[in-house]
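Spelled out, the chains give:
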Amino acid sequence: MDPLPPFHDDLDAARAEVWRLLEEGPALRRNAFHMPALATVDAAGHPQVRTVVLRQADPAAGALRFHCDRRSDKASEIAASGHAALHGYDSAAKIQIRASGPATLHSDDALAEAAWAGAMAMSRICYGADPAPGAVLPRGDAYTLPDAETALTLGRPNFCAVVVRVARLEFLYLDRRGHRRAAWERAGNWRGCWLAP
Ligand SMILES: Cc1cc2nc3c(=O)[nH]c(=O)nc-3n(C[C@H](O)[C@H](O)[C@H](O)COP(=O)(O)O)c2cc1C
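Residues numbered from 1 in each chain as written. Predicted model: local features only at pLDDT ≥ 70, side-chain atom pairs only at ≥ 80, totals over all residues. Heavy atoms only, no water.

Quick look at the overall build of the chain now. Counting its regular elements, the chain contains five helices and ten strands. Along the longest, intermediate and shortest principal axes, the C-alpha atoms of the chain span 55 × 35 × 35 Å. Relative to its full complement of 197 residues, the chain shows a buried share of 41%. Looking at the chain alone, contacts between residues at least 24 apart form 59% of all its contacts between residues at least 6 apart. Taken as a whole, the chain presents about 10,800 Å² of accessible surface, with 55% of it coming from carbon and sulfur. (Helix = DSSP H or I, 4+ residues; strand = E, 2+ residues; numbered from the N terminus. Buried < 20%, exposed > 50% of the residue type's maximum accessible area, 1.4 Å probe, protein only. Contact = heavy atoms within 4.5 Å. Areas by Shrake-Rupley, 256 points an atom, 1.4 Å probe, with all protein chains shown as cover.)

Below you can see the structure in the form of structure tokens.
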């Protein structure tokens, strides 16, 4: 049997492991945290969840970034509530991560410019889709996408980077010898505790 991981009974090591997994998520396509589920609450107070691509995890700032279309429901829901949550489960690591906190939309500041500049041409095209995401179509193919050149002008106004400043972080590690669950809240520094799994 494999030795227990160093974070099994070490709260600080567990938090470091959470951020390590999140930080490698954007680069590793097969990492579960490459494509976490994003949860928001809609105008009726109902939960909504969907997949997004994690673009950056910044352990020092305790922040997570993804991109979306300003015209999308998720953007409106985040603008209205000011909050979002992300979730991923890595079946290889047997670790579930839940992160939530205040979320901000960035469409015309330096952060948005840098994110747009770093986006791939293929991704930029999606932001020039007409009609807007979620519009009812008469047929499945009744929408258009611009070419890469036109996307630079058509897509940019719809592009939005979202930053979630993590206020609560939760980790669940599954092991037959003893599951481990922990949560941290940000109160200046991170304050954590073990929880019953
Ligand atoms: C693998 C995968 C990755 C996705 N990545 C993103 C993303 O990074 N940003 C985004 O806005 N939507 C992304 N989507 C689409 C969303 O999951 C969702 O279907 C769409 O954005 C509409 O969501 P909304 O109406 O709740 O805003 C992705 C979907 C899949 C299946």
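All residues adjacent to the ligand are Met35, Arg50, Thr51, Val52, Val53, His67, Cys68, Ser72, Asp73 and Lys74. Arg50 places a side-chain nitrogen or oxygen 2.8 Å from an oxygen atom of the ligand. Between a nitrogen atom of the ligand and a main-chain N or O atom of His67, the distance comes to 2.8 Å. Elements represented by at least two residues in the shell around the ligand include exactly β2 (47-51), β4 (63-69) and α2 (73-81). Taken together, the residues of the shell around the ligand sort by class into four nonpolar, three polar and three charged. (Near = heavy atom within 4 Å. Polar contact = N/O pair within 3.5 Å; in protein donor to acceptor, adjacent residues only side chain to side chain. Nonpolar A, V, L, I, M, F, W, Y, C, P; charged D, E, K, R; others polar.)

Take the environment of Ile78 next. Turning to its location among the elements, Ile78 is positioned in helix α2. It is 8.8 Å that separates the C-alpha atoms of Ile78 and Pro102, two residues lying 24 residues apart in sequence. Residues contacting Ile78, with those up to four places away along its chain left out, are Thr40, Phe66, His83, Ala84, Ala103, Leu105 and Val162.

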